[in-house]
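Descriptive analysis of the structure
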Amino acid sequence: MTWKLFHGDGRPRPGGIGPDGRPLPAWRALPDLPPWRGRAEGGGPPVFVALPGLDDAVNAALHLRRPLLINGSAGMGKSTLVGVLAHELQLGEVLEWHITSKSTVNDGLYRYDALDRLHAAQLADGNAPIGEFVRLGPLGTALADPGHPRAVLIDEIDKSDLDLPGDLLNVLESGRFDIPPLMRSKGGPFRVTGADGRTYDVGDGRVTRRHYPVIVLTSNNERTFAPPFLRRCIRFQIKNPDASLLTRIVQAHLPEIDGACRQDIERFAGRLQAGEKLAVNQLLEMVYLVTGHDLGAEERGRLEKILLDDLGER
């Protein structure tokens, strides 16, 4: 694989030679995604290296039907777990809810597009059912699905405002939520579209769960949570991995690593233990590039400075 894809001189280079003997466009030289970023083929689970004690926490959450809250630094593979869970328990597609500081519980339950409905009312299709303007969120879809439990990832819950964790658990404890625009309308039962693109029967607008979802919440340790929220979750704290665990993680993604890369892993582990803020994906990217290309010591040093820079605030 060619390392120099970009030269900075503005001159395109052929991306290889095609079957007809003609040069291919330069973009043909672009590589595929690194293996850990591509989707598993054939519906298989993502590559995941289980951490010591994590299986106990997961099984406790499954038996108690509680959300699993995983705390740990960014880039430690927290969100990957739910994909493995969904595959192993045959739960189907994972429903993902990525939290921001502006997220509310309704973002996870449903969205009602009042403006779109108003616009439709002014056109020939003004009699379109109101359910066409409601879309369930990831959590709402899981609660409305009558078929089987669904796996839900609530990613980076620590980015939320102070009220969201409590509002979220109130919904999970009751197993119900209302969609007021539908409840105020006549003509039910209503059918609405879920976050997975399928349609769901929501009756008169009051949704009551048939199955308790398998929920994984992730947190990057950027805030603390109130005790009422914590006691309703099964918690697991991811500690900084040592060189042995890092080697297992890297080998799971990149089995062809050599001895020089093992030295990179040991240095990376030492930096983690010293308190530097680093993510495992930085190490994967470094090893992936130096394993796949014949780089000199100077190039390798420059690359290490770029890829393994401390993520802490400056």
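Scroll up a little and you will see the structure.
Okay, so let's go over this structure. No experiment lies behind these values; they were computed from the predicted model shown.

If you walk through the whole model with that rule in mind, you get 1 aromatic pair. When the ring of Phe225 is compared with that of Phe229, the centres are 5.0 Å apart and the planes differ by 40°; the resulting orientation is tilted. By relative accessible area, Phe229 is classed as buried at 3%.

Attention shifts here to the sheet that holds strand 5 (residues 151-155). Overall, parallel pairing links the 5 strands, which are arranged 2-5-10-1-11 in an open sheet. Both outer strands of the open sheet, strand 2 (95-98) and strand 11 (234-237), are each paired with one neighbouring strand and no more. Strand after strand, the sheet turns through a mean of 15° between neighbouring axes, direction not considered. In this structure, strand 1 (residues 68-71) lies alongside strand 10 (residues 214-219), joined through 4 bridges in parallel fashion. Counted as the bridge partner of Leu69 is Leu217 from strand 10.

Before going further, it helps to spend a moment on the environment of Ile249. With respect to the helices and strands, Ile249 occurs in helix 9 (residues 243-253). For the pair formed by Ile249 and Leu51, sequence separation is 198 residues and the distance between their alpha carbons is 10.0 Å. Contact partners of Ile249, with chain neighbours within four places excluded, come to Val49, Val280 and Leu284.

To continue, consider the environment of Leu307. Locating Leu307 in the fold gives a position in helix 12 (residues 297-307). On the basis of relative accessibility, which here comes to 17%, the residue Leu307 falls in the buried class. Sequence-wise, Leu307 and Asn281 are 26 residues apart; in three dimensions their C-alpha atoms are separated by 9.6 Å. Non-local contacts of Leu307, meaning those with residues more than four positions away in its chain, are made with Gln282, Glu285, Met286 and Leu289.

Rules and cut-offs
- Residues numbered from 1 in each chain as written.
- Predicted model: local features only at pLDDT ≥ 70, side-chain atom pairs only at ≥ 80, totals over all residues.
- Heavy atoms only, no water.
- Phe/Tyr/Trp six-rings, centres within 6.5 Å; stacked < 30°, edge-to-face > 60°.
- Buried < 20%, exposed > 50% of the residue type's maximum accessible area, 1.4 Å probe, protein only.
- Pairing = 2+ DSSP bridges.
- Helix = DSSP H or I, 4+ residues; strand = E, 2+ residues; numbered from the N terminus.
- Axes fitted to C-alpha atoms, helices over the stretch in contact; angles between N-to-C directions.
- Contact = heavy atoms within 4.5 Å.

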